[in-house]
Amino acid sequence: MGKHKVMDLFCGTGGFSKGFENAGDYEVVYGIDLLPQSIETFRLNHGDALAMSGDIRKVARADVANRLNLRRGEVDVIVGGPPCQGFSSIRPNRSTNYDDPRNNLFEEFAAYVGFWRPKVFVFENVVGLATHKKGEDLEAVQEAFSALGYETDWRILNAGHFGVPQKRERLILIGSEPGIPIRWPSPTHSGKFRTIGVRDASRMLRPQEPNLFDADAVVLPPALTVMEAIGDLPPIASGEEALNYDRPPQNEYQRDRRVGAADLTLHASTRHSAKMLEIIRHAGPNISSIPSHLITSGFSSCYSRLEADEPAPTITVNFVHPASNKCIHPVLDRALTPREGARIQSFDDDFKFAGANRNIIAKQIGNAVPPLLGKVIAEAVSRMLGSGQEADSVDGTTGEVPVPVG
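Rules and cut-offs
Residues numbered from 1 in each chain as written. Predicted model: local features only at pLDDT ≥ 70, side-chain atom pairs only at ≥ 80, totals over all residues. Heavy atoms only, no water. Axes fitted to C-alpha atoms, helices over the stretch in contact; angles between N-to-C directions. Helix = DSSP H or I, 4+ residues; strand = E, 2+ residues; numbered from the N terminus. Parallel < 35°, antiparallel > 145°, perpendicular 65-115°, else oblique. Left-handed = near helix turned anticlockwise from the far one by under 90°. Contact = heavy atoms within 4.5 Å. Pairing = 2+ DSSP bridges. Polar contact = N/O pair within 3.5 Å; in protein donor to acceptor, adjacent residues only side chain to side chain. Buried < 20%, exposed > 50% of the residue type's maximum accessible area, 1.4 Å probe, protein only. Arc of directions from axis to C-beta.

Colleague: So what about the packing of helix H3 (residues 61–68) against helix H4 (residues 105–116)? Which residues, and what values?
Modeller: Between H3 and H4, whose axes approach to 11 Å, the crossing angle comes to 50°. In this view, H3 runs oblique relative to H4, as classed from their interaxial angle. Read as a crossing pair, H3 and H4 show a hand that is right-handed. Seen from H3, the contacting residues are Arg61, Ala62, Val64 and Ala65; seen from H4, they are Glu108, Ala111, Tyr112, Phe115 and Trp116.

Following this line, the structure appears as structure tokens:
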């Protein structure tokens, strides 16, 4: 049996589909994104896939089918995260008109599903979609897929529970053809992280609390920390660059990220001004650590230092600049390098990023779906498709098992 064919819509760098590819059961055949730089990165890491840059609303699906020499039913999985603009204007029946020029971006995702009829699709988005307009937008999303004949369910996943050294939350909605039970990955790491907005605990895919009175209870390791992710990288100062590893990996996560990488790349720090270096030397857990005469404004997380022994907060698109968010190295007086940001996002060191400067690459890294999160979702989808070992029955809110469709 061949590998399952995957399409990645609004693909960015292709971190999500790279996770599917790394799971072993998948072949990425297509990616599309508006930004040429992101598509160039996608192309560098998915060399056999058709990569297209442009407005998805202006690309005819029939043309894509001809270029891929694939027909309806021959794509197994579609993944992607359309920008959230326009959810409130969704018309479920519009997604059955596959080339309607009035489609908004979500409706384009749904139209791809309707055109190709994959067995499974994975839709990822911001957590706020669950509560926006009291959940009406998310209901509209599910109604659009229901109109296409798919069953859907959704959960809130925190990447820190799945081996990513980052407390990054995403809403994941999985859809399947009737008869294919929806399955969810089981958390691999423990950690109590705050959830933004969503109060329904059944929607949060969290690790179960171990029974301390059960000698056979599985106790998960704690979520990976910042220094566990980047501690093997050479210490460099502001404005410096390192081109080679100078020490062996210190743990399994670092070894896994370095597999396949002959040389160290992207480990170059922003050259900070004298004033910024003074601010950085005062940096602590939040902006209140900075003397008031050094700054005039900023969010509480600006000019803040990452905790060495905690997972990072969500990496943003400007993590190479301390004024943007909490992105100062735990022990060195500088912002993170692109390589350190990529490590925290779980990109392997041999993943190639296109871009002429640090800011362009940082934006791609910050916008990406962590490949490790993509991989654990891909493994659950493999079980849905029947290519993996069936899971034992456990509580559907925390394990990779069939769950009631919402």
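Colleague: Just give me the short version of the sheet that holds strand E2 (residues 26–33), but keep the residues and values in it.
Modeller: Taken together, 7 strands build an open sheet; the order of strands is E3-E2-E1-E4-E5-E7-E6 and the sheet is mixed. Edge positions in the sheet fall to strand E3 (50–53) and strand E6 (151–158), since each has one partner strand and no second. Neighbour to neighbour, the strand axes of the sheet diverge by 15° on average, direction disregarded. By the bridge criterion, 8 bridges tie E6 to strand E7 (residues 169–176) in an arrangement that is antiparallel.

Colleague: Describe the side chain of Asp232, naming the residues involved and giving the relevant values.
Modeller: Among the structural elements, Asp232 can be located in the loop between helix H6 (226–230) and helix H7 (252–258). Within the structure, Asp232 has its side chain in polar contact with the side chain of Arg258 (distance 2.7 Å). Ignoring sequence-local partners within four residues, the contact set of Asp232 consists of Asp246, Arg247, Pro248, Pro249, Gln250, Gln254, Arg258 and Arg343.

Colleague: Can you lay out helix H2 (residues 36–45) for me, pointing to particular residues and giving the numbers?
Modeller: For H2, the full list of buried residues reads Ser38, Ile39, Thr41, Phe42 and Asn45. Along the axis of H2, the buried positions cluster into a sector of 155°, meaning they face one direction only. As for H2, its buried residues are in contact with strand E1 (4–9), helix H1 (15–23), E2, E3 and helix H10 (358–367).

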